Amino acid sequence: MFDKRPRKTFRQLFGEKQVFTPCVWDCYSAKAAEMAGFEAILLSGASLGFSMSGVPDMGLHNQEELVWATDRISDYSPLPLIIDADDCFGDVAQAYRTCRRLAKAGAAAILLEDTPNERGYARFGRAMEKATLEGKLDGNIDHPVVSQELWLAKIKAALDACADTDCVVIARTESKLEKGLDDAIERCVKAEELGAEMTYVHGLRTLEECQKVNKALPGWKMFGDIAVVNGKPFVELEDIGALGFNLVTMHYLEKGSMYGMMDFGKRVFGEMSTRYSDDHDMGGYSREEQRNLLERDIGWMDAEEEWKRI
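Rules and cut-offs
- Residues numbered from 1 in each chain as written.
- Predicted model: local features only at pLDDT ≥ 70, side-chain atom pairs only at ≥ 80, totals over all residues.
- Heavy atoms only, no water.
- Helix = DSSP H or I, 4+ residues; strand = E, 2+ residues; numbered from the N terminus.
- Rg over C-alpha atoms; globule rule 2.2 N^0.38 Å.
- Buried < 20%, exposed > 50% of the residue type's maximum accessible area, 1.4 Å probe, protein only.
- Areas by Shrake-Rupley, 256 points an atom, 1.4 Å probe, with all protein chains shown as cover.
- Salt bridge = Lys/Arg side-chain N within 4 Å of Asp/Glu carboxyl O.
- Pairing = 2+ DSSP bridges.
- Axes fitted to C-alpha atoms, helices over the stretch in contact; angles between N-to-C directions.
- Contact = heavy atoms within 4.5 Å.
- Parallel < 35°, antiparallel > 145°, perpendicular 65-115°, else oblique.
- Nonpolar A, V, L, I, M, F, W, Y, C, P; charged D, E, K, R; others polar.
- Expected span 1.5 Å × (residues − 1).
- Polar contact = N/O pair within 3.5 Å; in protein donor to acceptor, adjacent residues only side chain to side chain.

1. Side note on the overall build of the protein
Here is step 1: Across its full length, the protein carries 15 helices and ten strands.
Here is step 2: A globule of 310 residues ought to have a C-alpha radius of gyration of about 19 Å, and the protein, at 21 Å, matches this closely.
Here is step 3: Oriented by its inertia axes, the alpha-carbon framework of the protein measures out at about 60 × 50 × 35 Å.
Here is step 4: Residues classed as buried in the protein amount to 46% of the 310 residues present.
Here is step 5: Roughly 16,000 Å² of accessible area belongs to the protein as shown, and the carbon and sulfur atoms make up 53% of that amount.

Right, dumping it as structure tokens:
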């Protein structure tokens, strides 16, 4: 009746292979990722901010909103859900509380970064994009981070918060942007020594940088937001997979969903009719198949009828 497919834990899935993981923001985007064949999903802070509040990625959503979204998506989707928790909304005690609540809400893994309260890609994104095009993204971006001591204390608190759960803490540093790669590696080495099972040096852009990170950090690693510059990706998945980068993330659903809604909207508005939408085969799906795609087939209607039988 209901969807009772077993959900793999983060450790089970990422211990097996490299997993290419898209960013999502709600149940529908999570379903689209699942239907496309992806095996894990990441709740993006940027995407959540736009979805819930219509604001750029400036870290403006709060703990309650993040826990709310985590609970609903993890309850709905059978895929392991990784949470972008930014700086965990405050000091060391707040990091513990945030991670504890997210783990209870169904998070498979939590990203905890070393940014201060002013966080989010929108605050430094233009400078980062310009530096990427110039081929350098190392110590040349005005992007402050908190001290190693504070970040490591928060990592330690997060590990305690998730100690009796299946949730994995991912130690994310953004210090490479302003302080350089060596500083970022040093932070992650110390986080790994504390017990972090996966590390993430934000801003890697070349295979040589990945090789340097792997030499110091032989454990699980994340590569965030593989994108294409001048028609070529920063790195090839196979190459970094051999170096232990078994979580690789990217954004694509935001652009895809917006284009789809705009395309349908322009047709429907232009014709003043839903004919285009009603007759669209979504790439060759029958009406019944479309219904199953759009309305998760878990037997709610049948269940309600059964519950009514006394």
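2. Things to note about the pattern of salt bridges
Here is step 1: All chains considered together, the criterion is met by 18 salt bridges.
Here is step 2: Its salt-bridge partner being Glu306, residue Arg309 comes within 2.7 Å of it at the nearest N-O pair.
Here is step 3: If you follow the salt bridges from partner to partner, you end up with Glu271, Arg275, Asp279 and Arg287 in one network.

3. Here's the deal with the sheet that holds strand S3 (residues 81-84)
Here is step 1: Strand order around the closed barrel formed by eight strands is S1-S2-S3-S4-S5-S6-S7-S10, with parallel pairing between neighbours. Averaged over all adjacent pairs, the angle separating strand axes in this sheet is 25°, with direction ignored.
Here is step 2: Against the sheet, helix H2 (residues 27-36) engages strand S1 (19-24) and strand S2 (41-43), with an angle of about 155° to S1.
Here is step 3: On the sheet, helix H4 (residues 63-76) packs against S2 and S3 and is oriented at approximately 170° with respect to S3.

4. Observations concerning the packing of helix H3 (residues 45-53) against H4
Here is step 1: Where H3 meets H4, the closest approach of the two axes is 11 Å, and the angle between their N-to-C directions is 95°. Between H3 and H4, the crossing angle belongs to the class labelled roughly perpendicular. Where H3 approaches H4, its residues Leu48, Met52 and Ser53 are matched on the opposing element by Glu65, Leu66, Trp68 and Ala69.
Here is step 2: When grouped by side-chain class, the residues that make up the contact of H3 with H4 number five nonpolar, one polar and one charged.

5. Some thoughts on H4
Along an α-helix, a turn takes 3.6 residues, which lines up residues three or four apart on a common side.
Here is step 1: The first and last C-alpha atoms of H4 sit 20 Å apart over 14 residues, in line with the 20 Å expected at 1.5 Å per residue.
Here is step 2: Turning to H4, its buried residues are Gln63, Leu66, Val67, Ala69, Thr70, Ile73, Ser74 and Tyr76.
Here is step 3: Buried-residue contacts for H4 involve H2, S2, H3, S3 and helix H5 (92-105).
Here is step 4: Its side-chain oxygen placed 3.1 Å from the backbone nitrogen of Glu64, Asn62 serves as the N-cap of H4.

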